[in-house]
Amino acid sequence: MLYKLLDRPYLIFWISIPIIILNAAYSRNDTMQFNVYDTYYIFSRFHLFLSITVTFAFMGLGYWIMHKAEKCLCQPLSILHITLTFGGIFTVWIISICLRVSIMQYNTSDHLTNAIYLVSFIVLFSQIVYPINIIKSLFKK
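*Asks:* Just checking my understanding: could you explain the overall build of the protein chain for this structure?
*Replies:* On a plain count of helices and strands, the protein chain comes out with 6 helices and 2 strands. Secondary structure elements in the protein chain, listed N-terminal to C-terminal, are α-α-β-β-α-α-α-α. Counting over 141 residues, the protein chain shows a buried share of 30%. Counting only carbon and sulfur atoms, one obtains 70% of the accessible surface of the protein chain, whose full area is about 10,000 Å².

Here is the structure:
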């Protein structure tokens with residue numbers, strides 16, 4: 001089962017889309033905010049989840065096209081991409097839950113917020129692996 005999912009990474013992305021859409025519907029009125037110096041950026045969680053859904057749909061489409069074209073993807077790069085993407089999103093989710101229920105007598109909110117920023121940056125930066133994997137498999141004989 002796991003081998004089949006690693007052989008067809010598009011299934012992992014497409015299976016996660018309904019879960020993300022349900023989460024978006026659940027948090028329709030919630031907002032997220034982060035600040036950079038003196039500027040606060042506020043956006044809806046619903047829009048964030050929908051943009052993640054569209055991104056996952058396109059990533060799944062790219063992996064599916066490579067599968068239908070019978071191009072062999074580099075499996076370690078696919079595993080790295082999937083692990084960093086889903087592992088990072090899961091880690092940010094867990095840290096944000098800890099941030100909401102953190103005990104106020106301990107001043108850990110700054111550290112948790114920095115951890116969320118760091119993991120989010122790693123997830124965003126790791127998306128470079130996806131086009132590298134696609135391009136590498138296109139030029140591989």
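*Asks:* How do you make sense of a nonpolar patch on the surface when you look at a structure like this?
*Replies:* A cluster of nonpolar side chains, W14, V54, F58, L61, W64 and I65, forms an exposed patch at the surface whose accessible area comes to about 550 Å². It is helix α3 (residues 45–68) that provides the largest number of residues to the nonpolar patch, a total of 5 residues. Of note, W64 is situated in helix α3. Relative accessible area serves as the criterion here: at 32%, W64 is assigned to the partly exposed category.

*Asks:* Teacher, can you tell me more about the nonpolar core here?
*Replies:* The nonpolar side chains of soluble globular proteins are, as a tendency, buried together. The biggest cluster of nonpolar side chains holds 16 residues, and the ones touching the most others in it are F13, F56, M59, Y63, L73, Y130 and I134. Elements supplying a minimum of two residues to this core: α2 (9–26), α3 and α6 (129–139). Dropping the residues within four chain positions of it, M59 is found in contact with F13, H81, Q127 and Y130.

*Asks:* Would you mind showing me how to read α3 here?
*Replies:* Each α-helix turn comprises 3.6 residues. Residues three or four places apart therefore point the same way. Compared with the 34 Å implied by 1.5 Å per residue over 24 residues, the 34 Å span of α3 between its first and last C-alpha is a close match. Residues of α3 that are buried include every one of R45, F46, F49, T53, F56, M59, G60, G62, Y63 and M66, and no others. Between a side-chain oxygen at the N-terminus of α3 and the backbone nitrogen of F46 the separation is 3.1 Å; the capping residue is S44. Of the residues trailing α3, E70 is marked for its positive phi of about 55°.

*Asks:* In this structure, what is going on with the packing of α3 against α6? I would like to understand it.
*Replies:* Between two packed helices, both the angle of their axes relative to each other and the distance between the axes serve to describe the pair. Axis separation between α3 and α6 bottoms out at 11 Å; the angle between their running directions is 15°. Judged by the inter-axis angle, α3 sits roughly parallel to α6. Handedness of the α3/α6 crossing: left-handed. For the pair formed by α3 and α6, the contact residues are F58, M59, G62, Y63 and M66 on the first element and Y130, N133, I134, S137 and L138 on the second.

*Asks:* Got a minute to help me understand α6 in this structure?
*Replies:* Among the residues of α6, V129, Y130, N133, I134 and S137 are the ones counted as buried. Taken around the axis of α6, the buried residues stretch over an arc of 135°, which confines them to a single face.

*Asks:* Is there a simple way to explain the side chain of S44 in this structure?
*Replies:* Take S44: it is sitting in strand β2 (residues 39–44). From its side chain, S44 meets the backbone nitrogen of F46 in a polar contact 3.1 Å long. Excluding its chain neighbours within four sequence positions, the residues that come into contact with S44 are R28, D30 and T31.

*Asks:* Can you help me understand the packing of aromatic side chains in this one?
*Replies:* Aromatic ring pairs are described here by two measures, namely the spacing of the ring centres and the angle between the planes. One pass over the full model with this rule turns up 9 aromatic pairs. Residues F13 and F86 carry aromatic rings whose centres are separated by 5.3 Å and whose planes lie at 45° to one another, so their mutual orientation is tilted. Taken together, the residues span a long stretch of sequence, with F13 in helix α2 and F86 in helix α4 (residues 75–100) at a distance of 73 residues. The buried category is assigned to F13, whose relative accessible area is 0%. For F86, a relative accessible area of 23% corresponds to the partly exposed category. Considering the side-chain rings of W14 and W64, the 6.4 Å spacing of their centres and the 45° angle between planes classify their relative orientation as tilted. Of the two residues, W14 sits in helix α2 while W64 sits in helix α3, which places them 50 residues apart along the sequence. When its relative accessible area of 33% is taken as the criterion, W14 is described as partly exposed. Ring pairing ties together the aromatic residues F13, F56, Y63, F86 and Y130, which thus form one cluster.

About the cut-offs
Residues numbered from 1 in each chain as written. Predicted model: local features only at pLDDT ≥ 70, side-chain atom pairs only at ≥ 80, totals over all residues. Heavy atoms only, no water. Helix = DSSP H or I, 4+ residues; strand = E, 2+ residues; numbered from the N terminus. Buried < 20%, exposed > 50% of the residue type's maximum accessible area, 1.4 Å probe, protein only. Areas by Shrake-Rupley, 256 points an atom, 1.4 Å probe, with all protein chains shown as cover. Patch = residues over 30% accessible without salt bridge, like charges linked within 9 Å, V, L, I, M, F, W, Y side chains within 5 Å. Salt bridge = Lys/Arg side-chain N within 4 Å of Asp/Glu carboxyl O. Core = buried A, V, L, I, M, F, W, Y, C linked by side-chain atoms within 4.5 Å. Contact = heavy atoms within 4.5 Å. Expected span 1.5 Å × (residues − 1). Polar contact = N/O pair within 3.5 Å; in protein donor to acceptor, adjacent residues only side chain to side chain. Axes fitted to C-alpha atoms, helices over the stretch in contact; angles between N-to-C directions. Parallel < 35°, antiparallel > 145°, perpendicular 65-115°, else oblique. Left-handed = near helix turned anticlockwise from the far one by under 90°. Arc of directions from axis to C-beta. Phe/Tyr/Trp six-rings, centres within 6.5 Å; stacked < 30°, edge-to-face > 60°.

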